[in-house]
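Here is what each chain is made of, one letter per residue.
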Amino acid sequence: MNYIYVKDLKEYKDFWVLENGKINIVFSNAKNHRSFNRNTEEGMANLFSLKEDFNVDEVQYLHQIHSDNVISYKKEIKDFIENEGDAIITNEKGVIIGAFTADCVPVILVDEEKNVISAIHSGWKGTFNEISKKAVDKMITNFNSDVNNIKVYIGPHIRQCCYEISEELKEKFIEKFNVPKEKLFNGRNLSMELCIEESLKSIGINENNIYSLKICTHCEEEEKLFSYRKSNGTYGRLFSFAYIK
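The numbers attached to residues start from 1 for each chain and follow its sequence in the written order. Only residues with pLDDT of at least 70 get local features here, since the model is predicted, and only at 80 or more are side-chain atom pairs given and counted; chain-wide, interface and lining totals rely on the full set of residues. Only hydrogens and water are set aside when side-chain values are computed; all heavy atoms of the structure are taken into account.

This brings us to the pattern of salt bridges. Here the idea is simple: oppositely charged side chains can pair when their charged atoms come close. By definition here, a salt bridge exists when the distance from a side-chain nitrogen of Lys or Arg to a carboxyl oxygen of Asp or Glu is within 4 Å. If you walk through the whole model with that rule in mind, you get 15 salt bridges. Between Glu223 and Lys31 there is a salt bridge, and its shortest N-O distance comes to 3.7 Å. Residue Glu223 is located in the loop between β14 (210-212) and β15 (238-244), and its partner Lys31 is located in the loop between β4 (23-28) and α1 (41-53); the two are separated by 192 residues in the primary sequence. Buried, partly exposed and exposed residues are distinguished by accessible area as a fraction of the type maximum, computed with a 1.4 Å probe on protein chains only: under 20%, between the cut-offs, and over 50%, respectively. For Glu223, a relative accessible area of 12% puts it in the buried group. Close ionic contact of Lys75 with Asp57 constitutes a salt bridge, the shortest N to O distance being 3.7 Å. With a gap of 18 residues between them, Lys75 in the loop between β6 (70-72) and β7 (87-90) and Asp57 in the loop between α1 and β5 (58-60) connect regions that are remote in the sequence. Linked through salt bridges whose partners overlap, the residues forming this network are Lys13, Asp14, Arg34 and Asp53. Each helix is a run of H or I in the DSSP string that is no shorter than four residues. Each strand is a run of E no shorter than two, and both are numbered from the N terminus.

Let us look at the side chain of Ser132. Mapped onto the elements of the fold, Ser132 is located in helix α3 (residues 131-143). The class for Ser132 is buried, based on a relative accessible area of 4%. Whether two residues are in contact is decided by their heavy atoms: any pair within 4.5 Å suffices. Aside from chain neighbours lying at most four places away, what touches Ser132 is Val107, Leu109, Ile120, Ile196 and Leu200.

Here we take up the pairing of strand β11 (residues 150-154). Across the 5 residues that make up β11, a large majority, 4, are buried. One bridge is not enough; two strands pair if DSSP finds at least two bridges between them. As paired strands, strand β9 (residues 105-111) and β11 are joined by 5 bridges and run antiparallel to one another. Paired with Val107 across the two strands is Ile154, which belongs to β11.

Attention now goes to unusual backbone geometry. You will see that Glu130, though not glycine, has its phi angle at about 60°, which is positive. Among the secondary structure elements, Glu130 is positioned in the loop between α2 (124-128) and α3. We classify Glu130 as buried; its relative accessible area is 15%. The backbone of Lys214 sits at a positive phi, close to 55°, despite the residue not being glycine. Following the sequence through the fold, Lys214 ends up in the loop between β14 and β15. On the accessibility criterion, Lys214 (41% relative accessible area) is partly exposed.

Now for the pairing of β7. Burial along β7 is two-sided: Ala87 and Ile89 and Ile88 and Thr90, pointing in opposite directions, are all buried. Strand direction decides the pairing type here: β7 and strand β10 (residues 116-122), joined by 4 bridges, are antiparallel. For Ala87, the partnering residue across the bridge sits in β10 and is Ile120.

Its location among the elements puts Arg159 in the loop between β11 and α4 (167-176). Dropping the residues within four chain positions of it, Arg159 is found in contact with Tyr3, Leu190, Glu193, Ser212, Lys214, Ile215 and Cys216.

Right under this line is the structure:
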């Protein structure tokens, strides 16, 4: 796995931007407390403002339910944001597709050859049920992507240093993923990132095409982020997204 550092990204307002040819990958931060919680007026206003910020026609997302549902987006689809699911795929230009997180793992998939993108919300349930792998499968099936051309970008999330789970759940992850348990866990602290990496590599994603921002939402001190686990009633949301120019 390769690591991307904030200093190597373009900073724009409350975002870190990775320009990748015709495709931009963007991770929001909380430097100015700008939340993208779709359940608040402020969050909706901030989502709407992305159209002007990034010069796009639409901003699309899902009603996230911690599932492994992967949904394709086409411009003719109405009321798309009311669909229940946790991953979006599209090849439409000028459309932001994104995922809300506040400790869960945001994953962006990019196929530069076919101009196809995916935005994924992967909590422990989505990680366990391999939603990122299912999104790759759908890119291949629906858009004729080649697994060798797909790049993976993993954004800020609660990392192994801070993410403790139950002993029962720990045993299920050990049984499910082909990762040495001493790497997958530190005590009962899980690396969801390693699960996602292993899942994607198992279907042919090249390890050199997997990148991580390597920032923990829970304990990072230099960069400001939203974290559900350490919040005190203020449930801000990060928004990780991609769009095709």
